[in-house]
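Tertiary structure, described
What follows is each chain in one-letter form.
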Amino acid sequence: MLKKKDHNYTALEIAKEITSRLAKLYPEKKISITAIQKLLYYSQAWHLHFNKKPLFKEDFEAWDMGPVIPYVWTKFKHEIHLTKKPILVEYIASNLLDAICEVYGDIDREEISDMTHSEDPWLKSKQKGRSIKITQSSIRKYFKKIYNGENLNDYHKSFLDIMTTKSKTGLTPARIIDHWVEMKPKEALDLPEKAMTA
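Residues numbered from 1 in each chain as written. Predicted model: local features only at pLDDT ≥ 70, side-chain atom pairs only at ≥ 80, totals over all residues. Heavy atoms only, no water.

**Some points on the overall build of the protein chain**
A tally of helices and strands in the protein chain yields 11 helices and 3 strands. Traced from its N-terminal end to its C-terminal end, the protein chain shows the element sequence α-α-β-β-α-α-α-α-β-α-α-α-α-α. Looking at the protein chain as a whole, 48% of its 198 residues are labelled buried. Within the protein chain, counting contacts between residues at least 6 apart in sequence, those at least 24 apart form 74% of the total. For the protein chain, the exposed area adds up to about 10400 Å²; of that, 51% sits on carbon and sulfur atoms. (Helix = DSSP H or I, 4+ residues; strand = E, 2+ residues; numbered from the N terminus. Buried < 20%, exposed > 50% of the residue type's maximum accessible area, 1.4 Å probe, protein only. Contact = heavy atoms within 4.5 Å. Areas by Shrake-Rupley, 256 points an atom, 1.4 Å probe, with all protein chains shown as cover.)

Here it is in structure tokens:
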């Protein structure tokens, strides 16, 4: 089920995966690149928190509209095109993206923009100037605080509720990620089967 070495994708691949999932969840909703940038941001942020490494390699920049991956913005401009052939993401990324799309995918564009504008990684980078890189360390540090109850809005709480709800494996998605981090890469390939008997 694993396709990418070290489970490191490009932001463009994850953007396409998000749009594919949103199209199934909310078929009547118009999907804008602004909204996709926000979901990319929250996907990266929570992956950094739970998995201790980035979901994709690119860094965000602090634009006026919020955190942005510039080349994804350039590629799709104002309306992202749906992909009929989503990429094959590994088990943990798939669970995380499901929760991201379910919770953050139905928030309107203005509200989700307000959310990212109120959070420290964008705020502190934006104060330094235009198009300043938002460091992964600042994102990870801030979302650790959210996980611990600081600045916890209803959407982040709903996301964490999903991530801490037990599935049929007997483990929560967050605990599955903990297991993944503790295991060697070769052992991690068998994670779904091992999780079933944990």
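**Description of the nonpolar core**
Membership of the largest hydrophobic core comes to 49 residues, with the highest contact counts inside it found for I18, L40, Y42, W46, Y104, F143 and F159. Contributions of two or more residues to this core are made by α1 (11-25), α2 (33-51), β1 (60-63), α3 (70-76), α4 (91-104), α5 (109-117), α7 (136-147) and α8 (154-163). With residues near it in sequence (within four places) discarded, Y42 still touches I100, Y104, I112, M115, T116, E119, F143 and H156. (Core = buried A, V, L, I, M, F, W, Y, C linked by side-chain atoms within 4.5 Å.)

**Side note on the pattern of salt bridges**
In this structure the tally under the stated criterion is 6 salt bridges. For D64, the salt bridge identified is with K126, shortest N-O distance 3.0 Å. Residue D64 is found in the loop between β1 and β2 (66-68), and its partner K126 is found in helix α6 (residues 120-126); the two are separated by 62 residues along the sequence. Residues D161 and K157 are paired through a salt bridge, measuring 3.4 Å at the closest nitrogen-oxygen approach. With D161 and K157 both in helix α8 and 4 residues apart, this pair spans about one turn of that helix. Under the relative-accessibility criterion, D161 is labelled partly exposed at 36%. Judged by its relative accessible area of 42%, K157 is partly exposed. Connected through salt bridges with shared partners, the residues E17, R21 and D98 form a single ionic network. (Salt bridge = Lys/Arg side-chain N within 4 Å of Asp/Glu carboxyl O.)

**Concerning the environment of F159**
Here F159 shows up in helix α8. Along the backbone, F159 and Y104 are 55 residues apart, and their C-alpha atoms lie at a distance of 8.1 Å. Ignoring anything within four residues of it in the chain, the contact list for F159 reads W46, F50, L96, A99, I100, V103 and Y104.

**What to know about the environment of R140**
As for its placement among the helices and strands, R140 is situated in helix α7. Given the relative accessible area of 34%, R140 is considered partly exposed. Separated by 19 residues in sequence, R140 and P121 place their C-alpha atoms 9.1 Å apart. Ignoring anything within four residues of it in the chain, the contact list for R140 reads L48 and K52.

**Thoughts on α1**
Taking 1.5 Å per residue as the helical rise, α1 with its 15 residues ought to reach 21 Å, and the 21 Å between its terminal C-alpha atoms agrees with that figure. All of the buried residues in α1 are A11, L12, E13, I14, A15, E17, I18, T19, S20, R21 and L22. (Expected span 1.5 Å × (residues − 1).)

**Description of unusual backbone geometry**
The phi torsion at K52 lies on the positive side, around 65°, for a residue other than glycine. Within the secondary structure, K52 is located in the loop between α2 and β1. In this structure, N151 is a non-glycine residue whose phi angle is positive, near 55°. A relative accessible area of 48% places N151 in the partly exposed class.

**Thoughts on the pairing of β1**
Here 3 bridges tie β1 to strand β3 (residues 132-134), and the two strands are oriented antiparallel to one another. Across the sheet, F60 pairs through a bridge with I134, a residue of β3. The sheet contact formed by β1 and β2 spans 3 bridges and is antiparallel. Across the sheet, the residue bridging to A62 is P67, located in β2. (Pairing = 2+ DSSP bridges.)

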